[in-house]
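Reading the structure
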Amino acid sequence: MASHSGPATSMLFLLCCLGGWLDSHTLPVHLLRPSDDVQKILEELQSLSKMLLKDVEEEKGVLVSQNYTLPCLSPDAQPPNNIHSPAIRAYLKTIRQLDNKSVIDEIIEHLDKLIFQDAPETNISVPADAHECKRFILTISQQFSECMDLALKSLTSGAQQATT
């Protein structure tokens with residue numbers, strides 16, 4: 001059987017190689033553009049964070065504490081990759097152990113969708129006192145709600161800057 005080694009075969013080989021090369025080198029550009037999926041996830045997280053905060057705020061006599069800080073945005077990343085999802089997820093898993101609300105499971109599922117790489121699990125110190133646990137939950141819930149507002153604002157302003 002005769003071999004077909006003309007210009008068409010060479011061109012096909014070049015096209016296949018070039019396609020793979022272009023795909024691998026343009027991937028970071030696609031990650032920097034906010035996708036509709038990420039925006040939808042953030043909008044859902046924002047809504048869920050408001051629901052969680054409303055549930056937690058119903059507890060009377062509990063004040064926000066300055067002793068706890070939720071890491072929200074990664075300083076060196078661009079939207080939508082700037083949300084510190086692994087750390088936020090760790091805090092919410094801790095809250096779920098202290099106060100098992102179904103909304104927390106939904107939040108964790110959505111945060112899992114935003115984690116783009118394997119990150120080490122953040123260790124969270126849990127307060128021993130029951131009243132301090134309530135303060136911890138309220139403080140982190142409030143900061144999470146503010147974080148989702150900021151993340152969504154960051155994403156939409158970044159998208160507007162990219163189009164201008």
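Along each chain, the written sequence defines residue order, and numbers are assigned to residues from 1. Local features in a predicted model are, by the rule used here, given only for residues with pLDDT of at least 70; side-chain atom pairs are given and counted only at 80 or more, and totals for whole chains, interfaces and linings are based on all residues. Heavy atoms from the whole structure form the basis of all side-chain values; hydrogens and water molecules are not counted.

Let's talk about the nonpolar core
Ranked by size, the top nonpolar core spans 35 residues in total, and within it L42, L45, I88, L92 and I107 carry the most contacts. Leave out the neighbours within four places in its chain, and L45 touches I107, H110, L111, L114, F144 and M148. For this analysis, a nonpolar core means a set of buried residues of the types Ala, Val, Leu, Ile, Met, Phe, Trp, Tyr and Cys, connected via side-chain atoms within 4.5 Å. Exposure classes here rest on a 1.4 Å probe applied to the protein chains alone. A residue is buried below 20% of its type maximum, exposed above 50%, and partly exposed in between. Contact between two residues is taken to exist if any of their heavy atoms lie within 4.5 Å; hydrogens are not considered.

A word on the confidence of the model for the chain
For every residue, the predictor reports its confidence as pLDDT, a number between 0 and 100. When pLDDT is averaged across the chain, the result is 78; 68% of the residues are at 70 or more. Under the DSSP-based scheme used, a helix requires at least four consecutive residues in state H or I and a strand at least two consecutive residues in state E, with every element numbered from the N terminus. Looking over the chain, one finds the lowest element-wise mean pLDDT in helix α1 (residues 7–32), namely 46, and the highest in helix α2 (residues 36–57), namely 93. This stretch, residues 17–33, has a pLDDT under 50; its non-local contacts, to residues over four places away or in other chains, come to 6 contacts.

Digging into the environment of A90
Here A90 shows up in helix α3 (residues 85–98). Judged by relative accessible area, A90 falls into the buried class, the value being 4%. In this structure, the C-alpha to C-alpha distance between A90 and I124, residues 34 residues apart in sequence, is 7.2 Å. Leaving out residues up to four positions away in the same chain, A90 has contacts with E121, T122 and I124.

A look at the pattern of salt bridges
It is possible for side chains of opposite charge to pair when their charged atoms get near one another. Each reported salt bridge corresponds to a side-chain nitrogen of Lys or Arg within 4 Å of a carboxyl oxygen of Asp or Glu. Inspection of every chain in the model, using the stated rule, returns 6 salt bridges. For R135, the salt bridge identified is with E132, shortest N-O distance 3.6 Å. Of the two residues, R135 and E132 both sit in helix α5 (residues 130–163), 3 residues apart, roughly one turn of that helix. The exposure class of E132 is buried, given its relative accessible area of 18%.

Overview of the packing of α2 against helix α4 (residues 102–114)
Direction vectors running N to C along α2 and α4 enclose 155°, while the axes themselves pass 10 Å from each other. As the angle between them shows, α2 and α4 are arranged roughly antiparallel. Note on packing geometry: the crossing formed by α2 with α4 is left-handed. From α2, V38, I41, L42, E44, L45, L48, S49, M51 and L52 reach across to α4, where they touch V103, I104, E106, I107, H110, L111, K113 and L114. Tallied by class, residues from the contact of α2 with α4 come to 12 nonpolar, 2 polar and 3 charged. Here, axes are lines fitted to C-alpha atoms. For helices the fit covers the stretch in contact, and angles between N-to-C directions go from 0 to 180 degrees. In what follows, roughly perpendicular refers to angles from 65 to 115 degrees, roughly parallel to angles under 35, roughly antiparallel to angles over 145, and oblique to any angle outside these ranges. Note on convention: near helix rotated counterclockwise from far helix by under a right angle means a left-handed crossing. Clockwise means right-handed. Each residue gets one of three labels, nonpolar for Ala, Val, Leu, Ile, Met, Phe, Trp, Tyr, Cys and Pro, charged for Asp, Glu, Lys and Arg, and polar for the others, Gly among them.

Points about the packing of α3 against α4
At their nearest, the axes of α3 and α4 sit 10 Å apart, and the two run at 160° to each other. When the interaxial angle is binned, α3 and α4 end up roughly antiparallel. In this structure, α3 meets α4 at a crossing whose hand is left-handed. For the pair α3 and α4, contact is made by S85, I88, R89, L92, K93, I95 and R96 and by I104, D105, I107, I108, L111, D112 and L114, respectively. Class assignment for the residues of the contact of α3 with α4 results in 8 nonpolar, 1 polar and 5 charged.

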